[in-house]
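Architecture at a glance
Listed here are the chains, written in short residue letters.
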Amino acid sequence: MATGHTDPQRRERILAATLDHIADEGVTGVSHRKIAARAGVPLGSMTYHFTGMDELLREAFTRFADHGVALFERHLDAADSPERARDGVTDLIHELSDGPQRDLVLTHELYTLAARRPEYRELTRTWMGRSRQLLERHFDAETARQLDALIEGLTLHRALDTAPHDRRLTREAVRRVTTPAD
């Protein structure tokens with residue numbers, strides 16, 4: 001194994017191994033020993049780089065949330081009209097639901113942890129706030145909040161359904177939420 005001097009990516013490997021482990025076994029299966037083995041680092045590296053399990057989990061889930069926000073950005077940044085923003089949201093929902101099962105599992109592991117522990121709830125609030133800010137570039141704040149919930153719900157339903165609905169239905173749901181009432 002490389003020493004810290006010749007292994008500048010050790011901390012990053014530990015964070016990546018933590019997310020991989022959570023995706024495979026859940027948060028309850030996380031231990032310093034398991035993560036160190038998965039990352040291929042000495043056990044002492046865990047306490048050298050992180051003050052404890054909570055810091056490790058918070059940083060790993062923050063990294064994952066940053067990945068989620070980057071997906072929102074990629075789909076919404078180029079939108080130059082409400083119509084194109086609706087297309088971007090539709091594409092986002094389909095990418096999230098058709099994407100790696102790992103991301104779906106990590107999302108729900110974080111939500112479960114946040115439901116039990118307030119310090120992780122703040123992490124999810126921050127993530128939702130960042131997502132909503134991106135949606136608010138194209139829609140009012142109330143619509144962005146509703147749309148954020150729709151994205152989560154449709155992603156989950158599409159990912160877990162044996163016959164997920166098609167783009168037309170997703171697009172129609174997005175249109176209904178984002179079109180002002182007469």
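First, a word on what this report is: a plain description of the structure on this page. Small disclaimer: the values here were computed from a predicted structure and weren't measured.

It is worth spelling out the packing of aromatic side chains at this point. One pass over the full model with this rule turns up 2 aromatic pairs. Plain terms: the ring middles of Phe64 and Trp127 are 5.7 Å apart, the flat faces sit at 85° to each other, and that makes the pair edge-to-face. You can see Phe64 sitting in helix α4 (residues 53-76) and its partner Trp127 sitting in helix α7 (residues 118-135), a full 63 residues away along the chain. A relative accessible area of 9% means that Trp127 is categorised as buried. Ring plane angle 35° and centroid distance 6.3 Å describe the contact between Tyr111 and Trp127, whose orientation is recorded as tilted. Of this pair, Tyr111 sits in helix α6 (residues 101-116) while Trp127 sits in helix α7, and the two are 16 residues apart along the sequence.

With respect to the element layout, His75 can be found in helix α4. Those residues in contact with His75, other than ones at most four positions away along the chain, are Gly88, Asp91, Leu92 and Glu95.

Rules used in this analysis
Residues numbered from 1 in each chain as written. Predicted model: local features only at pLDDT ≥ 70, side-chain atom pairs only at ≥ 80, totals over all residues. Heavy atoms only, no water. Phe/Tyr/Trp six-rings, centres within 6.5 Å; stacked < 30°, edge-to-face > 60°. Helix = DSSP H or I, 4+ residues; strand = E, 2+ residues; numbered from the N terminus. Buried < 20%, exposed > 50% of the residue type's maximum accessible area, 1.4 Å probe, protein only. Contact = heavy atoms within 4.5 Å.

It is worth stressing that arrangement in space is one thing and function is another; only the former is reported here.
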